[in-house]
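The lines below spell out each chain.
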Amino acid sequence: MSDGVAHARILRVGQARREISRDPLPPEAVAAEVDRLNRALLGTRQDIQRVRDQVSAAMGAAEAGLFEAHLLVLEDSTLLNEVLRKIRTERLGAEAAFHDVFEKYVSVLAAVDDAYLRERAADLRDLSGRVLDHLSGAVHEHELSNLSEPCILVAHDLPPSVTALLDRRHVLGFATEAGGKTSHTAIMARKMGIPAVVGLGPLLDSVRDGEYALLDGHGGLLTINPTDQTLFEYGQLKQRRALFEEKLALLREQPAVTLDGHHITLAANIEGPEDMASVEASGAHGIGLFRTEFLFLNRETRPGEEEQFEAYRTVASQTRPGQEAIIRTLDLGGDKMPGDLRREGEPNPFLGWRAIRISLDQPEIFRGQLRAILRAGCHGRVRILLPMVSTLEELRAARAMLESCKEALRSEGVPFCDSVPLGVMIEIPSAALIAEELARECDFFSIGTNDLTGYTLAVDRLNERVAHLYQPTHPAVLRLIRMTVEAAQRHGRPVGVCGEMAGEPGLVPLLIGLGVQELSVTPALIPAVKFLLRRLRLSEARDIAQWALDCSGGAEILQRSREVALAAAPNLFGKQ
Ligand code: PEP
Ligand code: MG
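Here the structure is a predicted model, which means the values were calculated and not measured. (Residues numbered from 1 in each chain as written. Chains lettered and ligands numbered in written order. Predicted model: local features only at pLDDT ≥ 70, side-chain atom pairs only at ≥ 80, totals over all residues. Heavy atoms only, no water.)

Student: Would you explain the sheet that holds strand β3 (residues 171–176) in this entry?
Tutor: Strand pairing in a sheet relies on backbone hydrogen bonds. The paired strands run either parallel or antiparallel. Taken in spatial order, the six strands of this open sheet run β4-β3-β2-β1-β5-β6, and their pairing is mixed. Looking along the sheet, the strands with just one partner apiece sit at the ends: β4 (196–197) and β6 (221–224). Examined bridge by bridge, strand β1 (residues 5–13) and strand β2 (residues 151–155) share five bridges and lie parallel to one another. Along β2, the bridge assignment pairs isoleucine 10 with isoleucine 152. (Pairing = 2+ DSSP bridges. Helix = DSSP H or I, 4+ residues; strand = E, 2+ residues; numbered from the N terminus.)

Student: Help me understand the coordination of the magnesium ion (ligand 2) in this model?
Tutor: Ideal coordination angles are 109.5 degrees for a metal with four donors arranged tetrahedrally and 90 or 180 degrees for a metal with six donors arranged octahedrally. Within the protein, Glu427 (OE) and Asp451 (OD) serve as the donor atoms for the magnesium ion (ligand 2), at 2.0 to 2.1 Å. Of this pair, glutamate 427 sits in the loop between β11 (422–426) and α15 (429–433) while aspartate 451 sits in helix α17 (residues 449–457), and the two are 24 residues apart along the sequence. Both residues of the pair, glutamate 427 and aspartate 451, belong to the buried class. (Donors = N, O, S within 2.8 Å, 3.2 Å for Na, K, Ca; no water. Buried < 20%, exposed > 50% of the residue type's maximum accessible area, 1.4 Å probe, protein only.)

Student: What is the right way to read the side chain of glutamine 308 from this model?
Tutor: Among the structural elements, glutamine 308 can be located in helix α11 (residues 305–318). One polar contact links the side chain of glutamine 308 to the main-chain carbonyl oxygen of proline 303, over a distance of 3.4 Å. Apart from residues lying up to four places away in sequence, glutamine 308 is in contact with Phe296, Pro303, Gly368, Gln369 and Ala372. (Polar contact = N/O pair within 3.5 Å; in protein donor to acceptor, adjacent residues only side chain to side chain. Contact = heavy atoms within 4.5 Å.)

Student: Would you take a moment to explain the site of ligand 1 for this structure?
Tutor: Around ligand 1, 13 residues are found, and the nearest of them are Arg291, Arg328, Gly448, Asn450 and Asp451. In the environment of ligand 1, an oxygen atom lies 3.0 Å from a nitrogen or oxygen atom belonging to the side chain of glutamate 427. Between ligand 1 and the protein, one listed contact pairs an oxygen atom with a backbone N or O atom of aspartate 451 at 3.0 Å. For ligand 1, the protein covers 93% of the area, taking 290 Å² as the surface of the free molecule. For the shell around ligand 1, the secondary structure elements donating two or more residues are β8 (287–291) and α17. Here the shell around ligand 1 gets three residues from one element, more than from any other, and that element is α17. In terms of residue class, the shell around ligand 1 is built from three nonpolar, four polar and six charged. Counting contributing residues, the shell around ligand 1 receives three or more from each of domain 3 (241–260 + 424–576) and domain 4 (265–420). (Near = heavy atom within 4 Å. Areas by Shrake-Rupley, 256 points an atom, 1.4 Å probe, with all protein chains shown as cover. Nonpolar A, V, L, I, M, F, W, Y, C, P; charged D, E, K, R; others polar. Domains from an automatic or database assignment.)

Student: I'm lost on unusual backbone geometry in this one. Help?
Tutor: Apart from glycine, the bulk of residues carry a negative phi angle, and the bulk of peptide bonds sit in the trans form. Even without a glycine there, the phi angle at arginine 91 is positive, about 60°. Looking at the secondary structure, you find arginine 91 in the loop between α3 (77–88) and α4 (94–111). Classification of arginine 91 by relative accessible area gives partly exposed; the value is 30%. Within the chain, alanine 355 stands out as a residue other than glycine whose phi angle is a positive 45°. Summarising the element assignment, alanine 355 is placed in helix α12 (residues 355–361).

Student: I would appreciate a short explanation of the sheet that holds β11 in the present structure.
Tutor: As summarised here, the arrangement of the eight strands in space is β7-β8-β9-β10-β11-β12-β13-β14, forming a closed barrel in which the pairing is parallel. When strand polarity is set aside, the average angle formed by the axes of neighbouring strands in this sheet is 30°. Where strand β10 (residues 382–386) and β11 come together, three bridges link them in parallel fashion. Following the sheet pairing, isoleucine 384 is matched in β11 by leucine 422. Against the sheet, helix α14 (residues 392–412) makes contact with β10 and β11, and its axis sits at roughly 150° relative to β11, the strand it touches most. Of the strands in this sheet, β7 (265–270) and β14 (518–521) are in contact with helix α20 (residues 526–533), which crosses β7 at around 165°. (Axes fitted to C-alpha atoms, helices over the stretch in contact; angles between N-to-C directions.)

Student: Whenever I open this one, the packing of α3 against α4 confuses me. Can you help?
Tutor: Across the interface, α3 lies against α4 with an axial gap of 9 Å and an inter-helix angle of 140°. When the axis of α3 is compared with that of α4, the two are oblique. Like other packed secondary-structure pairs, α3 and α4 cross with a definite hand, here right-handed. Of the residues in α4, those in contact with Thr78, Leu79, Glu82, Val83, Lys86 and Ile87 of α3 are Ala94, Ala97, Phe98, Asp100, Val101, Phe102, Lys104 and Tyr105. The residue makeup of the contact of α3 with α4, split by class, is nine nonpolar, one polar and four charged. (Parallel < 35°, antiparallel > 145°, perpendicular 65-115°, else oblique. Left-handed = near helix turned anticlockwise from the far one by under 90°.)

Student: Honestly, the environment of glycine 286 in this entry has me stumped. Any pointers?
Tutor: Looking at where glycine 286 falls in the secondary structure, it is placed in the loop between α10 (276–282) and β8. According to the relative accessible area criterion, glycine 286 is buried, its value standing at 3%. A C-alpha to C-alpha distance of 5.8 Å links glycine 286 and threonine 319, two positions 33 residues apart in sequence. Among all residues touching glycine 286, those that are not within four sequence positions of it are Ala267, Ala268, Thr319, Gln323 and Glu324.

Student: Mind showing me how you'd approach the packing of α17 against helix α18 (residues 475–490) here?
Tutor: Pairs of packed helices are described in terms of their axes, by the angle between the two and the distance that separates them. At a minimum axis distance of 9 Å, the contact between α17 and α18 shows a crossing angle of 125°. Taken together, the axes of α17 and α18 are oblique relative to one another. Crossing of α17 over α18 shows right-handed handedness. Facing Thr449, Leu452, Thr453, Thr456 and Leu457 of α17, the residues of α18 in contact are Ala476, Val477, Leu480 and Ile481.

Student: What should I look at first to understand the domain arrangement of the protein in this one?
Tutor: Note on interface size: it is often stated as the accessible area lost on association of the parts. Partitioning the protein into structural domains gives domain 1 (5–11 + 142–222), domain 2 (17–136), domain 3 (241–260 + 424–576) and domain 4 (265–420). Look at where the C-alpha atoms of domain 2 and domain 3 centre, and you get two points 46 Å apart.

Student: Explain the packing of aromatic side chains here, please?
Tutor: The full count for this structure, using the stated rule, is three aromatic pairs. Residues phenylalanine 98 and phenylalanine 102 carry aromatic rings whose centres are separated by 4.5 Å and whose planes lie at 20° to one another, so their mutual orientation is stacked. Within this pair, phenylalanine 98 and its partner phenylalanine 102 are both found in helix α4, separated by four residues, close to a single helical turn. Comparing phenylalanine 98 with phenylalanine 102 shows no difference in burial state: the two are buried. Aromatic side chains phenylalanine 244 and phenylalanine 531 sit 5.0 Å apart centroid to centroid with 90° between the ring planes, which places their arrangement in the edge-to-face category. Of this pair, phenylalanine 244 sits in helix α9 (residues 228–249) while phenylalanine 531 sits in helix α20; the two residues are 287 residues apart in sequence, bridging distant segments of the chain. With relative accessibility at 12%, the residue phenylalanine 244 sits in the buried group. The ring of phenylalanine 444 has arginine 383 lying over it, and the distance from NZ or CZ to the ring centre is 4.4 Å. Here the guanidinium or amino end of arginine 535 rests over the ring plane of phenylalanine 531, the centre of that ring lying 3.8 Å away. (Phe/Tyr/Trp six-rings, centres within 6.5 Å; stacked < 30°, edge-to-face > 60°. Lys NZ or Arg CZ within 6 Å of the ring centre and 35° of its normal.)

Pasting the structure below:
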């Protein structure tokens with residue numbers, strides 16, 4: 001989903017309904033058909049190179065990496081030979097041959113029980129759609145870049161290559177039948193600030209081009225032919241939101257301090273240096289979580305030490321003086337695995353080869369990353385954060401590796417910062433339970449409530465059948481957070497939360513009441529969380545946290561914490 005409201009006529013992007021002829025080719029037409037296919041492939045390649053260059057200029061190399069991967073697929077000889085074989089021996093037309101071969105691969109990927117791979121299936125369909133457009137002479141994206149009137153796009157699954165280049169003046173929003181919040185399309189919409197609702201299910205058949213629709217990215221709704229009353233209500237809501245946003249913007253340079261004078265560090269979560277502009281605009285106090293694995297995804301080759309150094313140096317040098325950037329080492333695995341590290345048959349990837357486990361197993365990757373961060377430490381204050389630590393030995397092994405990297409840099413005469421703090425993410429229950437021992441040997445904690453909740457409750461939140469059991473306010477989760485905070489306090493270590501819980505206004509009273517001193521959230525949420533913090537009393541937050549620790553029901557705890565937040569800042573919840 002991507003926030004915001006849009007009201008305009010619908011334009012359906014109908015690439016899902018392509019008619020493909022299955023009439024057999026006469027033998028004398030085969031050569032010409034192969035020629036036609038080659039021309040379409042060439043045209044597609046040129047299109048993608050152009051898109052890649054435009055995306056790279058507008059959004060950075062990391063976003064453009066996806067299109068490099070598309071180009072490689074277009075050169076995949078196994079795939080193309082299969083298409084040629086179908087044209088030559090089965091006498092299928094180029095469209096049918098290409099469609100059938102691609103669909104075979106796409107359906108295998110789409111059926112895999114892995115959200116990341118399923119999203120890649122959508123990427124492959126995007127590519128296949130482009131080739132088919134070339135074969136049929138229809139250049140779909142070209143049409144979208146020549147729009148003359150404002151519209152809301154409705155598509156089966158708007159491909160990321162098209163989303164990245166949407167004409168913002170005319171495309172006021174979009175809705176798709178397929179996709180999830182981890183799809184590239186949704187991520188791009190959020191970054192570009194286009195209101196969007198994805199994954200709405202069957203939709204294309206129930207709307208018509210030219211019909212008016214109201215798209216509410218916040219509420220996840222698409223209303224066809226909205227009544228005057230609905231439009232009036234949304235108009236009012238939009239006005240209220242705009243006024244409130246103006247009010248929030250005034251807080252940019254204000255500290256995140258509670259009514260009773262306690263400072264909370266309100267930092268930003270980022271995925272790459274290109275996010276630094278929004279960090280600066282948000283008024284965040286430094287970077288609380290740089291998810292560096294995104295530098296490794298959507299590309300064919302891994303970034304080496306120099307490329308990583310550039311990324312970390314940019315982030316460090318753009319972090320304001322006196323503030324810090326917490327750089328997390330690779331948290332690959334689970335739903336975030338680049339192709340070259342993907343191994344066959346991990347029966348349970350979330351309990352498998354992940355994060356610090358990969359780093360310690362692949363010292364050449366880990367060393368390159370640690371060296372790059374140590375070097376970036378000369379250009380701004382950075383800290384290193386280790387993800388998915390479950391044992392003390394992992395911390396010790398990482399510390400030893402860090403020291404050996406320093407030794408090597410020293411002997412090579414390469415400048416680096418000798419005093420970069422080393423912290424541990426607390427996101428596995430075992431880490432919370434040994435927080436005392438970890439606190440003794442590390443410099444700070446950051447609690448990853450997304451994973452901590454999942455692992456504590458044994459709930460996969462991507463699985464909609466058990467999603468209702470995913471409850472960050474479950475007393476077991478809160479008690480683990482409290483244990484972590486107490487251990488950190490005994491050893492004088494700072495402790496923050498960088499999971500989604502930190503950005504949910506209804507949960508902020510609980511977290512600060514439990515003793516968390518730093519909250520790290522996506523830049524867009526900084527103003528709202530700051531607004532709330534400045535209206536809360538820590539003493540009151542502590543009371544409710546204390547009550548929650550003795551309480552047995554997660555739903556009850558959620559409700560009480562929400563009430564405190566609502567009473568302090570009703571506008572945040574749409575109330576006056
Ligand atoms: C977490 O688990 O809360 C966290 C911040 O890490 P990620 O969401 O990247 O797994
Ligand atoms: Mg995590």
